[in-house]
Amino acid sequence: MSPTQVIVVVLVVLVVAALVAVAVVAGRRRALKRRFGPEYDRAVAEQDSRTAAERELRDRERRHAELELTPLAPEARARYAAAWEELQVRFVDSPGETVGDADELVSRLIAERGYPTGDFSDQIAHLSVEHARTLTHYRDAHEIRLRNERGEASTEELRQALVHYRALFADLLGEEPVGHRPPEQRHPDSPHDVTTR
């Protein structure tokens, strides 16, 4: 083989290797996007580079694989569904307290499923592997709960927090905990005990 042919063969091999590497990276990227959904975009926006974000997401997958997650027994599922229904009923009379109780109920469910419940950002990272599509709801609910603790949340925001908590709660429970109705609140201008949605 002439030196020119050797160079051409080496170049072809290098081009093919580069194309294979690009295809592998693109496949991993697509898999991460599919698995993490909107959480993928959030991670990319928060990190210095797409590579760093993807490394973080793969690290989340690795840590998630080390967890001992357990499905809920039917009795536990029924118990949580009943507790959620009670929360929705109590919201009418005590919205601020109910949002705090909803946070505690969601945290108990998270723990019973086998997820760590310490630091909120670590909790989000662990949940993101299987529940990425409802994490925006959880973040929003958490933020409203914090504003409520500072006395800055309106009743409508508290209602929204409960709706947000409900999204993750249903995702973790594996089914709708109660009917599709959002929590009700009293209409402040009504002389009677009328509720609105």
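Before any of the text, the structure's been laid out above.
Scope of this entry: the structure provided in the associated data block. Each chain carries its own residue numbering, running from 1 in the direction its sequence is written. Thresholds applied to this predicted model are a pLDDT of at least 70 for local features of residues and 80 or more for the giving and counting of side-chain atom pairs; totals over whole chains, interfaces and linings are not thresholded and use all residues. Processing note: side-chain calculations cover all non-hydrogen atoms of the structure and skip hydrogens and water entirely.

### Quick notes on a nonpolar patch on the surface
Counted only if it meets this: Within this analysis, patches are made of residues with over 30% relative accessible area and no salt bridge. Like charges are joined at 9 Å or less; nonpolar side chains (Val, Leu, Ile, Met, Phe, Trp, Tyr) at 5 Å or less. All accessibility values rest on the Shrake-Rupley procedure with a 1.4 Å probe; residue burial counts only the protein chains present in the view. Note on definitions: salt bridges are taken to be side-chain nitrogens of Lys or Arg within 4 Å of carboxyl oxygens of Asp or Glu. The secondary structure listing takes helices from DSSP runs of H or I that are at least 4 residues long and strands from runs of E that are at least 2 residues long, numbered from the N terminus. Exposure categories follow from relative accessible area, calculated using a 1.4 Å probe and restricted to protein chains: below 20% of the type maximum is buried, above 50% is exposed, and the middle band is partly exposed.
Nonpolar side chains collect at one region of the surface, where M1, V6, I7, V9, V10, L11, V13 and L14 lie side by side and expose about 770 Å² of accessible area between them. Within the element layout of this structure, L14 appears in helix α1 (residues 3–36). L14 gets classed as exposed once you look at its relative accessible area, which sits at 53%.

### Examining the packing of helix α4 (residues 74–91) against helix α5 (residues 95–113)
Packed helices, taken two at a time, are described by the angle between their axes plus the distance between the axes. Selection criterion: Only the stretch in contact is used when fitting a helix axis, every axis being a line fitted to C-alpha atoms; angles between N-to-C directions are given from 0 to 180 degrees. For classification purposes, angles smaller than 35 degrees are called roughly parallel, those larger than 145 roughly antiparallel, those between 65 and 115 roughly perpendicular, and all remaining angles oblique. Each crossing gets its handedness from the near helix: less than a right angle anticlockwise from the far helix is left-handed, clockwise is right-handed. We call two residues contacting when some pair of their heavy atoms lies within 4.5 Å. When residues are sorted by character, Ala, Val, Leu, Ile, Met, Phe, Trp, Tyr, Cys and Pro go into the nonpolar class, Asp, Glu, Lys and Arg into the charged class, and all the rest, Gly among them, into the polar class.
Two numbers describe how α4 lies on α5: the axes approach to 9 Å, and their chain directions differ by 170°. On the basis of the axis angle, α4 is roughly antiparallel to α5. Here α4 runs over α5; the crossing is left-handed. Of α5, the residues touching α4 (which contributes A76, R79, Y80, A83, W84, L87, R90 and F91) are P95, E97, T98, V99, D101, A102, L105, V106, R108, L109 and E112. For the contact of α4 with α5, the class distribution of residues is 12 nonpolar, one polar and six charged.

Shape descriptors only; they carry no functional weight alone.
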